[in-house]
Amino acid sequence: MLSALGNPRQAAAQLMNFGLILSTAFMMWKGLSVISDSPSPIVVVLSGSMEPAFQRGDLLLLWNRNLFTETSVGEVVVYNVRDKDIPIVHRVISKFGTGPTAKLLTKGDNNDSDDTKLYAPGQNYLVREDIIGCVAPD
């Protein structure tokens, strides 16, 4: 069996190199997560709901800077619907209250209505814990 692999040392070296590449990529991802303070620092736009600002397939860098300033109306945020792991990229159109208990209403730029139909049953607004991050400015 070892003869089928060629040189066993060369196979082991290739396996170790592959492992190093994977661990480096993982460390870079986790480092970017810490710097951006977001569990998912890069997201892909999955639909055309934010056209023309963002096209389907665009990569967005998230920045979770809400420790210093609050999310404001007009800002583009990425959130997960409760009990689902699908990131949604939409703009904040209304804000009620301040601080961590502020309620946010979002809408896609290319959508006719707000996102209340996308939220979990019984949920009419987003709160801070629903937001993964804000789209980093250009």
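Computed from a prediction, not measured in an experiment: that's the story for all the values here.

Participant: Hey, could you go over the packing of aromatic side chains for me, with residue numbers and the actual values?
Facilitator: By the definition in use, this model includes 2 aromatic pairs. A ring pair is formed by tyrosine 79 and tyrosine 119, whose centres lie 5.9 Å apart and whose planes are at 70°; its orientation type is edge-to-face. With tyrosine 79 in strand 3 (residues 76-80) and tyrosine 119 in the loop between strand 5 (103-107) and strand 6 (131-135), this residue pair connects regions lying 40 residues apart in the sequence. Residue classification places tyrosine 79 among the buried residues on the basis of a relative accessible area of 0%. Ring centres of phenylalanine 96 and tyrosine 125 lie 5.3 Å apart, and the angle between their planes is 70°; on these two criteria the pair is classed as edge-to-face. Of this pair, phenylalanine 96 sits in strand 4 (residues 87-96) while tyrosine 125 sits in the loop between strand 5 and strand 6, and the two are 29 residues apart along the sequence. Residue classification places phenylalanine 96 among the partly exposed positions, given a relative accessible area of 41%. Looking at tyrosine 125, the relative accessible area reads 31%, which means it is partly exposed.

Participant: Talk me through the nonpolar core; I want residue IDs and the actual numbers.
Facilitator: If you look at the biggest cluster of nonpolar residues, it comprises 12 residues: Val77, Tyr79, Val81, Ile88, Val92, Leu104, Leu105, Tyr119, Ala120, Leu126, Ile131 and Cys134. Elements supplying a minimum of two residues to this core: strand 3, strand 4, strand 5 and strand 6.

Participant: Describe the domain arrangement of the protein chain, listing the residues and the values that go with them.
Facilitator: Per the domain assignment, the segments making up the protein chain are domain 1 (2-34) and domain 2 (42-135). One C-alpha centre belongs to domain 1, the other to domain 2; they are set 37 Å apart.

Cut-offs used in this document
- Residues numbered from 1 in each chain as written.
- Predicted model: local features only at pLDDT ≥ 70, side-chain atom pairs only at ≥ 80, totals over all residues.
- Heavy atoms only, no water.
- Phe/Tyr/Trp six-rings, centres within 6.5 Å; stacked < 30°, edge-to-face > 60°.
- Helix = DSSP H or I, 4+ residues; strand = E, 2+ residues; numbered from the N terminus.
- Buried < 20%, exposed > 50% of the residue type's maximum accessible area, 1.4 Å probe, protein only.
- Core = buried A, V, L, I, M, F, W, Y, C linked by side-chain atoms within 4.5 Å.
- Domains from an automatic or database assignment.

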